[in-house]
Amino acid sequence: MINEHYKAMLGGKSVIRELSEYATARGAAIGYENVFDYSLGNPSVPCPPDYTRTVIDMYETAEPVALHGYSPSLGIPSVRAAIADSLNRRFGMDYTADYIFPTTGAAGALAHALRAVTKPGDEVITFAPYFPEYQPYVNGTGAYLTVVPADTENFQINFDAFETALGPQTAAVLINTPNNPSGAVYSAATLERLASVLRARQTEYGHDIFLISDEPYREIVFDGGEQPYPSKYYDNTLSCYSWSKSLSLPGERIGYVAVNPRATDAELIVPMCGQISRGTGHNCPSSTSQLAVAKVLDETSDLSVYETNMNLLYDALTGIGFDVVRPGGTFYIFPKALEEDATAFCMKAKDYDLILVPSESFGVPGYFRMAYCIDTEKVKRSIPVLERFAHEVYGL
């Protein structure tokens, strides 16, 4: 008999993926250049040339048996040490290789981090708006996800609602900054207050509450700013990272968990992740991907196009009359829809070949997400279409 749980999940396909598939099909019919597809967060800039040269050089010059052999179950030691050194230089941390666990992207990092610090029946808290896949990530561990309502004024943390939600059953708090879908960058003040609340509740409840920080957009921050590093503020932090966005390598599925050395039982968590892999079939990322990213840890793709696109869209949307919080990073913008039913709004936009993602799956009603990781030329061409849609359908 097949597994009824996963069979039931077939009826809950990703809205984002379905819209992306629609856009692809529509593009085949009318030409993809005529479809303004803001659905999928797939980087639109190439990876750095140094990454490509590194991969080519490895394949041409490295000893093949060694290059393509199994990675140690906890990752290649030299790669783990290089990641630790890079984080220490950038963020003033004191990691060693023992606190770094390479994974298959941020999703793999989250899968391990969640299992390392929760048990079935525990609560994990996250903040709306949130990445919809957090639900199956958490549910798959046997824990359950509680979503704190959004602070729609600036998409920082709604602390009043958070402190009400926190309880003795809370084992972990899951944050994503810079945030998908809002583009918000949690400030140092937000992280300091979050850490203060968690420390107080740990003392009150007599057990650890871990912070799991999902950070794949860490390098995409606008106006010359930086994302404050959450692990600097709170000892019981597991940082989950992917190079999918910073190096434009989403298909390589390469990332890591970085365990704060001051976390409770920190020295056990990476070895525990190795044991978690045995139950999930994770078995560490490819050797070539680990070795290649270790050579370009301090590089990024040319990420400037995302800020260019954000400014174009923010100015256009606010000029049309949309209510929008200006993103501080990522390649997403999260305007308020022009009617309460965001799904109905996005369905009407499809008639104009504008592919927008309704906000309900992100835990916030009445908004929509635009992933502007597309060519700037296409962003510019979409603006008159947005204006016509808003005028003809909503009278703006």
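Let me begin by describing the structure that accompanies this report. (Residues numbered from 1 in each chain as written. Predicted model: local features only at pLDDT ≥ 70, side-chain atom pairs only at ≥ 80, totals over all residues. Heavy atoms only, no water.)

1. Section: the pairing of strand 7 (residues 237-242)
- Within strand 7, six of the six residues are buried, which leaves it mostly tucked inside the rest of the structure.
- Residues Thr237, Ser239 and Tyr241 point to one face of strand 7 and Leu238, Cys240 and Ser242 to the other, with burial holding for every one of them.
- Pairing between strand 6 (residues 210-214) and strand 7: four bridges, direction parallel. Across the sheet, residue isoleucine 212 finds its bridge partner in strand 7, namely leucine 238.
- The pairing of strand 7 with strand 8 (residues 255-259) spans five bridges and is antiparallel. (Buried < 20%, exposed > 50% of the residue type's maximum accessible area, 1.4 Å probe, protein only. Helix = DSSP H or I, 4+ residues; strand = E, 2+ residues; numbered from the N terminus. Pairing = 2+ DSSP bridges.)

2. Re the side chain of arginine 201
- Tracing the chain through its elements places arginine 201 in helix 9 (residues 188-205).
- There is a polar contact of 3.0 Å between the side chain of arginine 201 and the backbone oxygen of glutamate 163.
- Apart from the residues within four sequence positions on either side, arginine 201 is in contact with Glu163, Leu166 and Ile209. (Polar contact = N/O pair within 3.5 Å; in protein donor to acceptor, adjacent residues only side chain to side chain. Contact = heavy atoms within 4.5 Å.)

3. Overview of the packing of aromatic side chains
- For the structure on display, the rule yields 25 aromatic pairs.
- Residues tyrosine 241 and tryptophan 243 carry aromatic rings whose centres are separated by 5.5 Å and whose planes lie at 90° to one another, so their mutual orientation is edge-to-face. Accessibility classification places tyrosine 241 together with tryptophan 243 in one group, the buried group.
- Joined through ring pairs, the aromatic side chains of Phe322, Phe345, Tyr352, Phe368, Phe389 and Tyr394 make up one cluster.
- Across from the ring centre of tyrosine 22, 4.0 Å away, lies the NZ or CZ of lysine 350, which sits over that ring.
- Just above the ring of tyrosine 32 sits the side chain of lysine 378; from NZ or CZ to the centre is 4.0 Å. (Phe/Tyr/Trp six-rings, centres within 6.5 Å; stacked < 30°, edge-to-face > 60°. Lys NZ or Arg CZ within 6 Å of the ring centre and 35° of its normal.)

4. As for the environment of valine 55
- Tracing the sequence through the fold places valine 55 in helix 3 (residues 49-61).
- Overall, valine 55 belongs to the partly exposed group, its relative accessible area being 21%.
- When the C-alpha atoms of valine 55 and phenylalanine 210 are compared, they prove to be 36 Å apart, with 155 residues separating the residues in sequence.

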